[in-house]
Amino acid sequence: MILGQNQYGKAENRIVRITREGSTHHIKDLNVSVALTGDMTDVHLSGSNANVLTTDTTKNTVFAFAKEHGIASAEEFGILLARHFVTGLPTIHSARIRIEEYAWERIETPGPKRHSFVREGRETRTAQIRFDGTAWEIVSGLKDLTVLNSTDSEFTGYVKDRYTTLPETRDRVLATQVHARWRHSGDSAPEAGWDHSYRQAREHLLAAFADTYSLSLQQTLYRMGSRVIEKCPGIDEIRLSLPNRHHFLVDLEPFGLKNDNEVYYAADRPYGLIEATILRDGAEPRIPVDMTNL
Ligand SMILES: O=c1[nH]c(=O)c2[nH]c(=O)[nH]c2[nH]1
């Protein structure tokens, strides 16, 4: 029997690097997978790990390199990593670095702040129409509108019990994927049309996300929903479901590097899930609480 092709490494390192130039922030968001090959017969056959650079180390290297070298482009970053792995250890012969880059577009707001982003690649627009022969109910919405504020978000003053470990923070990344459904008061098309109405609601959601100095995602949610109710007279009710896409600062101290709010691990799950309905005064809540099924 012989051992055929084999490779190993850490897959899907979700890394977010924020570069701050005064109030203008820049963001690089990558999914980096490392696969190494080399003298790996022993680890498979005899169990000796002497030639193994651990997958944990490859993960750490990705995060440390983001701090030390920055991320000029996915290609440049991948080249740096591959060269490091292959030239650093004689037992590693080749490296394959796969990178997906998620592009973010700035949310332009009046004023000097430039730290709010919406992920490129459009969200999904949704609509649900009910008609029972007399009454209509028209609910529009969107899902997977991914947004991020690289500052102006804090979270402090919450309950601490014996299981609480979360440190208070005065400056964190706030990121979410907006899922929203809003119910129209009328049963006919808004004067400017459904497309215009959709664009308006989307714009107000984004503007409120960008404008709010956030003390919690709950507070940001309320501002987003109430802005739509306030600015869109044809909408009576909006329900928002906002996953809190946690960005954890990576501890780079073990590598002698200071992480000055620059390099984050974008966690996939679990995530906080913040949901609420905001209603116009006097309106009845009719959007079902369970939003996952349209
Ligand atoms: O904005 C937040 N709201 C919470 O309820 C919460 N809980 C938590 O762990 N982090 C956060 N952040």
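The written sequence of each chain sets the order in which its residues are numbered from 1. In view of the model being predicted, local features appear only for residues whose pLDDT reaches at least 70, and side-chain atom pairs are presented and counted only at 80 or more, with totals across whole chains, interfaces and linings using the full set of residues. To obtain the side-chain values, all non-hydrogen atoms of the structure were used and water was disregarded.

Some details on the packing of aromatic side chains
As a reminder, the rule being used: Each aromatic pair joins two rings of Phe, Tyr and Trp (for Trp, the six-membered one) with centres within 6.5 Å, and gets the label stacked for planes under 30 degrees apart, edge-to-face for over 60, and tilted for any other angle. Each helix is a run of H or I in the DSSP string that is no shorter than four residues. Each strand is a run of E no shorter than two, and both are numbered from the N terminus. Residue exposure (1.4 Å probe, protein chains only): buried if accessible area is under 20% of the type maximum, exposed if over 50%, otherwise partly exposed.
Counting across every chain of the model gives 4 aromatic pairs. Arranged with centres 6.4 Å apart and planes meeting at 85°, the rings of phenylalanine 63 and tyrosine 265 form a pair that is edge-to-face. Pair noted here: phenylalanine 63 is in helix H2 (residues 55-69) and tyrosine 265 is in strand S11 (residues 263-266), with a separation of 202 residues, a long-range link. Under the relative-accessibility criterion, tyrosine 265 is labelled partly exposed at 38%. Pairing phenylalanine 155 with tyrosine 158 gives two aromatic rings, centres 4.8 Å apart and planes at 20°, and the pair type is stacked. With relative accessibility at 15%, the residue tyrosine 158 sits in the buried group.

Considering the packing of H2 against helix H3 (residues 74-88)
Defined as follows: Every angle, taken between N-to-C directions, lies between 0 and 180 degrees, and every axis is a line fitted to C-alpha atoms, over only the stretch in contact when it is a helix. Each angle gets one of four labels, with under 35 degrees taken as roughly parallel, over 145 as roughly antiparallel, 65 to 115 as roughly perpendicular, and the rest as oblique. Crossings are sorted by hand: turned counterclockwise from the far helix by less than a right angle, the near helix makes the crossing left-handed, and turned clockwise it makes it right-handed. Whether two residues are in contact is decided by their heavy atoms: any pair within 4.5 Å suffices.
Interhelical geometry of H2 versus H3 gives an angle of 125° and a closest axis separation of 11 Å. As summarised for this structure, H2 and H3 are arranged oblique, according to the angle between their axes. The handedness of the crossing between H2 and H3 comes out as right-handed. Contacts between H2 and H3 involve Thr58, Thr61, Val62, Phe65, Ala66 and His69 from the former and Phe77, Leu80, Leu81, His84 and Phe85 from the latter.

Quick word on the confidence of the model for the chain
Applied cut-off: pLDDT expresses, on a scale from 0 to 100, how confident the predictor is about each individual residue.
Averaged over every residue, the pLDDT of the chain is 94; the share at 70 or more is 99%. For this predicted complex, the interface confidence score (ipTM) comes to 0.99, while the overall pTM stands at 0.90.

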